[in-house]
Amino acid sequence: MRAARWLLLGLLVALAFSPGPAAQAPQPVSKPRIVTRSEWGARPPRCEFESNPCINAVTVHHTATSNEYSDAREVVRAIQRYHQDSRGWCDIGYHFLIDRDGVIYEGRPLWAVGAHVRGRNVGNVGVALIGNYEEAQVSERQMTALVELVSWLVKEYGVPLGNIRGHRDYASTACPGRHAYARLRELRLRVAQRVYGFGEVFGLAAWWGVYSERWSSERSEWERQVDEALRALKEAGVTTVFFLAKGPWGYVYYNSSLAPLSPKYSWDPLDYVVRRARELGLSVHVYVNALSEGETKPSTLLAEHLEWAVRGENDKPMGWVDPSAEEYVEYLVRLVLEIVRRYDVDGVQLDRIRLPAGAVRLPLSEARFREERGLDPSQDPAGFREYVAERVSEVVRRVRDAVKSVNPSLRVSVAVMPDPAIARGKYCQDWARWLREGLVDFVVIMSYTSFPAKFKEYLAAAVRASGNVRPVYAGVGVHLSSMTPRAMAEELEAAARAEGVYGVVLFNVDSLLARREPRGALRSFSEGVEALVRQGVGGSESPVKFWLLVMGPAAAAAALAIALLLRRRP
Ligand SMILES: [Zn+2]
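The residue numbering used here restarts from 1 in each chain and proceeds along that chain's sequence as written. Under the rules for a predicted model, residues below a pLDDT of 70 receive no local features and side-chain atom pairs below 80 are neither given nor counted, while totals for whole chains, interfaces and linings still include all residues. Side-chain numbers come from the whole structure's heavy atoms, not from hydrogens or water.

Caption draft 1: Structural detail: the overall build of the protein chain. Secondary structure elements follow DSSP: runs of H or I no shorter than four residues count as helices, runs of E no shorter than two count as strands, and numbering proceeds from the N terminus. Within the protein chain one finds 20 helices and 17 strands. Looking at the protein chain as a whole, 58% of its 570 residues are labelled buried. Sequence separation of at least 24 residues holds for 76% of the intrachain contacts in the protein chain that already meet a minimum separation of 6. Counting every atom, the protein chain has about 23,200 Å² of accessible surface; 51% of that belongs to carbon and sulfur. Buried, partly exposed and exposed residues are distinguished by accessible area as a fraction of the type maximum, computed with a 1.4 Å probe on protein chains only: under 20%, between the cut-offs, and over 50%, respectively. Throughout, a residue-residue contact means that at least one pair of heavy atoms, one from each residue, lies within 4.5 Å. Per-residue and other accessible areas follow the Shrake-Rupley method at a 1.4 Å probe size, with only the shown protein chains counted as cover for residues.

What follows is the structure, encoded as structure tokens:
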């Protein structure tokens, strides 16, 4: 019954919608064209500006002036006259103004403290939309210009994403108007993707490794399977794949001059996937297992250098590398460089960038700690854990520097343990710090659970730890046999509503391909997610309303009718 219902829902959804827009490779963020003060005929400032020590916030306003204007320059001049003559300010209060055609005007200089949020002007960039957005909708050209301008400010000054806000977040005012205010989460999402992430608004990606039995070892059949998989992902609204380039077992899935190719392949899987994905407009990040070499037992490489290995019970070498194994870290960096130089990928993600569960000793880190601190780790166990966490962070930093040296627009991310305290305390994986200090562009938390309540807890803890400085994406465990399409839909909805969460990454493609229902749920989600985002945080929690929103009234009514026929409530 249940499967039949989902099949029908999926069918309805498939009939109701066409595929979404294609993803694009990350383009460098640059300063948008801005109409200068002399071009709009500004008066000089009336007095000396105070200067900003640093820039750490952007606040969106509206000018609350008429939406009917033929010459925006005249409106900007009138606002300047009003601010100078009636309010008695040095100059126009805002740093930038944007008209309905998306033209950006220079207000007071960025280095000067603005006059736009009483009590919170220092370090705060004021951007005003020209018009009244309590009454009118923001035009798409205006929204695009706002995204470009704020992206540049975030890129240039490292403004935390959570500090992109509206005037009414600070004071009791209608400004920037309800229609503009309703689009601020969308603004944060689009800026986050533009500067750090993937996709357009709410990121939708899937992890993909071609290691299971499902993937043919016969080349032409394998290529057919890959084409089919890419089409299915695109159909479901996925814009980005995270493709496994280096497995945890010590071999890789591309032609490397450094590491052995997976014994399953006699051709280059990554090369084919990148080319086909590009043709379909999908973006590709590679994911690389950083500190696992063999996983359960040392790989061939690690067996030749057992001194690098983390030791488990009875001092047994594990299939994991000590982050202080300098030679191995160099190997890892060269491997990553080889990938980003040879393949047209959008980013690199580190997986298993941590200690394994069951690690007992790290001989190399211990020796280094003794040498640098003059202490035995047993004399300062907490200090030693911190030291190891710093060694792991150093691996991330080295990989980040290498990738950005090839192309600064390439994304560097990490897949991490969802609970930040456990990640740091148990696995020496201090990802909240990596995010806050800009060591990575984004993190994906592996928040795999089929209990939506638990999933929401993971999200809340991760967002708190991230400070909403740079984006967190939520990993969804489609592979769990206990994950029903309903639970998955609830988790997707929770992620789309969570401030500080910028997208989802599904684990994994094999599971999505094996079952049609999750793909149906995914597709309806991807079609409705922008509406969901605009509806804002803390909106409807009702699944019926959710389906209405993502499917539209006609399809939802049909789904309800079918559900009634099946004598089950949706
Ligand atoms: Zn305002």
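Caption draft 2: Examining the nonpolar core more closely. Here, nonpolar core means buried Ala, Val, Leu, Ile, Met, Phe, Trp, Tyr and Cys residues that are tied together by side-chain atoms lying within 4.5 Å of each other. In terms of nonpolar packing, the biggest core is built from 165 residues, with F96, L187, W208, I353, W431 and W434 touching the most fellow members. As used throughout, domain bounds are those supplied by an automatic or database domain assignment. When residues of this core are assigned to domains, at least three fall in each of domain 1 (34-195) and domain 2 (203-285 + 339-361 + 392-565). Counting twelve residues, the second-largest nonpolar core is a separate cluster that includes A72, V76, I79 and I92.

Caption draft 3: Expanded view of the pattern of salt bridges. Throughout this description, the term salt bridge denotes a Lys or Arg side-chain nitrogen within 4 Å of a carboxyl oxygen of Asp or Glu. Using the criterion set out here, one finds 44 salt bridges in the structure. Here E490 ties to R486 by a salt bridge, and the two come within 3.3 Å at their closest N and O atoms. Of the two residues, E490 and R486 are both situated in helix 16 (residues 485-497); the distance of four residues between them amounts to about one turn of the helix. With relative accessibility at 30%, the residue E490 sits in the partly exposed group. For R486, a relative accessible area of 28% translates into the label partly exposed.

Caption draft 4: The arrangement of the side chain of N132 in detail. Along the chain, N132 turns up in the loop between strand 5 (124-129) and helix 4 (140-157). Excluding anything up to four places from it in sequence, N132 contacts H62, A64, T65 and N67.

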